[in-house]
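# Reading the structure
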Amino acid sequence: METRHLSIPAEHAGRRLDQSLAELLPEYSRSRIQAWIDAGLVQVINANPNVNAHASRKLKVWGGETVSVEAEAHPAELPYQAEAIALSIVYEDDAILVLDKPAGLVTHPGAGNWQGTLLNALLHHVPGAATLPRAGIVHRLDKDTSGLMVVAKTLEAQTQLVRDLQARTVKRVYWAVALGRIQPAEGSIEAPIGRHPTQRVKMAVVEEGRGKPALTHYQVLRQFAEFAWVECRLATGRTHQIRVHMAHIGHPLLGDPVYAGRRRSPIAFSRQALHAVRLGLVHPSTGEAMEWQAPPPEDFAGLLRELENI
């Protein structure tokens, strides 16, 4: 944290404090400056000590004020910290680690989730993970998706696993519960995925050339009256791929807060009903073909039981 001392120039009279500081500190974004103000890291001493006011974004400045700013580093600029977070480890050796990620655990630090992530846990669990890109993470699961992930423990293993993912030789199988009756009961969805043109937090099926190729194979395991228990196999690994592709064919996942829209359901589920149930790969060091299965967590298993009784 760096302390900056500034004097508000007379020509800034009548401006908001955040506007004035944004001009005086052009190396920082206005949103960063506003966050410092909100956190109490900005102090204003008025030229007239009897007119001092609490620093706020909308505080008017009139020139001559002295401002001290505790320029706190953004979490994205700091080294990620190791945290003692319990992991459900399915398999581990000197080269790889396979874990069963619970729903609710963020894979990688990002906006709003700079701590308490899988990456923070890996830094604590795996000696030397700090020397690897993304602490050895080679693919991600969404925060509210549960199931199997593989993580590399060496640079050589990470490099090979990334190559295998690109070559589509890593087997990733998911169980999902989708809305509606799916016909045909088995098929493939091949449609490019890119950033949504107007809603930047979403992904979408886009025109050729605007997104990345994406291919999902699906098979209905059980068709219920208003839902389908579906097995999905990823040939590619795009962000939100299964969620986007299933919504694209008119069958968004139950509980999906982003892609199900306003579509109503007679059953409530607290997250998107998606679980990575099987993972298969060729071991990057030994060349052995390996495969793991992870039964769905209790919320997902309970959902399937509930559907059976409808």
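See the structure printed just above.
Residues numbered from 1 in each chain as written. Predicted model: local features only at pLDDT ≥ 70, side-chain atom pairs only at ≥ 80, totals over all residues. Heavy atoms only, no water.

### Some words on the overall build of the protein chain
Put simply, the rule is: Helix and strand assignments follow DSSP, with helices taken as H or I runs no shorter than four residues and strands as E runs no shorter than two, numbered in order from the N terminus. Values of the radius of gyration come from C-alpha atoms, whereas the globule rule sets the reference at 2.2 Å times the count of residues to the power 0.38. The rule is simple: take the accessible area with a 1.4 Å probe, protein chains only, and divide by the maximum for that residue type; under 20% is buried, over 50% is exposed, in between is partly exposed. In what follows, residue pairs with any heavy atoms lying within 4.5 Å of each other are defined as contacts. Computed by Shrake-Rupley with a 1.4 Å probe, the accessible areas treat only the displayed protein chains as cover when residues are assessed.
Counting its regular elements, the protein chain contains 6 helices and 14 strands. At 25 Å, the protein chain has a C-alpha radius of gyration far larger than the 19 Å of a compact globule built from 310 residues. For the protein chain, the C-alpha atoms occupy an extent of roughly 75 × 45 × 40 Å along the three principal directions. Buried positions account for 46% of the 310 residues belonging to the protein chain. If you take every contact in the protein chain between residues at least 6 apart in sequence, the share linking residues at least 24 apart comes to 63%. Accessible area for the protein chain stands at about 15900 Å²; split by element, carbon and sulfur atoms hold 49% of it.

### Regarding the pattern of salt bridges
Put simply, the rule is: Criterion for a salt bridge: a side-chain nitrogen of Lys or Arg within 4 Å of a carboxyl oxygen of Asp or Glu.
Going through the model one piece at a time under the given rule, you end up with 13 salt bridges. With a shortest N-O distance of 2.5 Å, R15 and E23 are connected by a salt bridge. Among the residues examined, R15 registers a relative accessible area of 27% and is labelled partly exposed. When its relative accessible area of 48% is taken as the criterion, E23 is described as partly exposed. One salt bridge in this structure joins R243 and D256, with 2.8 Å as the shortest N-O distance. Note that R243 is positioned in helix α5 (residues 241–248) and D256 in the loop between α5 and β13 (274–282), a separation of 13 residues in sequence. Across the pair, exposure class does not vary: R243 and D256 are buried alike. Because the salt bridges share partners, they merge into one network encompassing R16, D18 and R30.

### Re the layout of surface pockets
The line we're drawing: Here a cavity denotes grid points, spaced 1 Å and computed from the protein atoms alone, that fit a 1.4 Å probe unable to get out, and a pocket denotes an open set having protein on both sides within 12 Å along at least 5 of 7 lines; residues with an atom within 4 Å of a point are the lining. Grid points are joined across faces, edges and corners, and a volume is the space filled by probe spheres set on the points. Classification used: nonpolar for Ala, Val, Leu, Ile, Met, Phe, Trp, Tyr, Cys and Pro, charged for Asp, Glu, Lys and Arg, polar for all others including Gly.
One number sums up the size of the largest pocket: a volume of about 1200 Å³. Taken together, 35 residues form the lining of the largest pocket, with H139, R140, G237, R238 and T239 sitting closest to its centre. For the lining of the largest pocket, the elements supplying multiple residues, two or more each, are α4 (155–166), β7 (171–179) and α5. Taken together, the residues that form the lining of the largest pocket break down as 14 nonpolar, 12 polar and 9 charged. Along its surface, the second largest pocket is lined by D142, K143, D144, R195, V201, T239, H240, R243, P257, V258 and Q272. Residue composition of the lining of the second largest pocket, by class: 3 nonpolar, 3 polar and 5 charged.

### Regarding the environment of P296
Relative to the assigned elements, P296 resides in the loop between β14 (289–293) and α6 (298–308). Sequence spacing of P296 and D100 is 196 residues, and the spatial spacing of their C-alpha atoms is 9.7 Å. With residues near it in sequence (within four places) discarded, P296 still touches W175, H275 and A301.

### A word on α6
Note: α-helices contain 3.6 residues per turn, so residues at a spacing of three or four share the same orientation. To be explicit about the condition: Directions pointing from the helix axis toward each C-beta atom define the arc.
For α6, the full list of buried residues reads F300, A301, L303, L304 and L307. One side of α6 holds all its buried residues, which, seen down the axis, span an arc of 155 degrees. Turning to α6, the residues buried within the fold contact β7, β12 (227–234) and β13.

### Regarding the sheet that holds strand β1 (residues 2–7)
We apply this condition: Two strands form a pair only when DSSP identifies at least two bridges running between them. Interaxial angle, 0 to 180 degrees, is taken between N-to-C directions of lines fitted to C-alpha atoms, where a helix line uses only the stretch in contact.
Overall, antiparallel pairing links the 3 strands, which are arranged β1-β3-β2 in an open sheet. One side of each edge strand has no neighbouring strand; the edge strands of this open sheet are β1 and β2 (42–45). Shown here is a sheet whose adjacent strand axes are inclined to one another by a mean of 15 degrees, direction ignored. Inspection of the sheet shows β1 paired to strand β3 (residues 66–71) by 6 bridges, in the antiparallel sense. Along β3, the bridge assignment pairs S7 with T66.

### Regarding the nonpolar core
Condition: For our purposes a nonpolar core is just a set of buried Ala, Val, Leu, Ile, Met, Phe, Trp, Tyr and Cys residues, chained together by side-chain atoms within 4.5 Å.
The biggest cluster of nonpolar side chains holds 30 residues, and the ones touching the most others in it are Y174, I182, I242 and M246. Where this core is concerned, the elements lending two or more residues are β5 (96–101), α3 (118–125), β6 (146–152), β7, β11 (215–223), β12, α5 and β13. Counting 18 residues, the second-largest nonpolar core is a separate cluster that includes L6, W36, V44 and V61.

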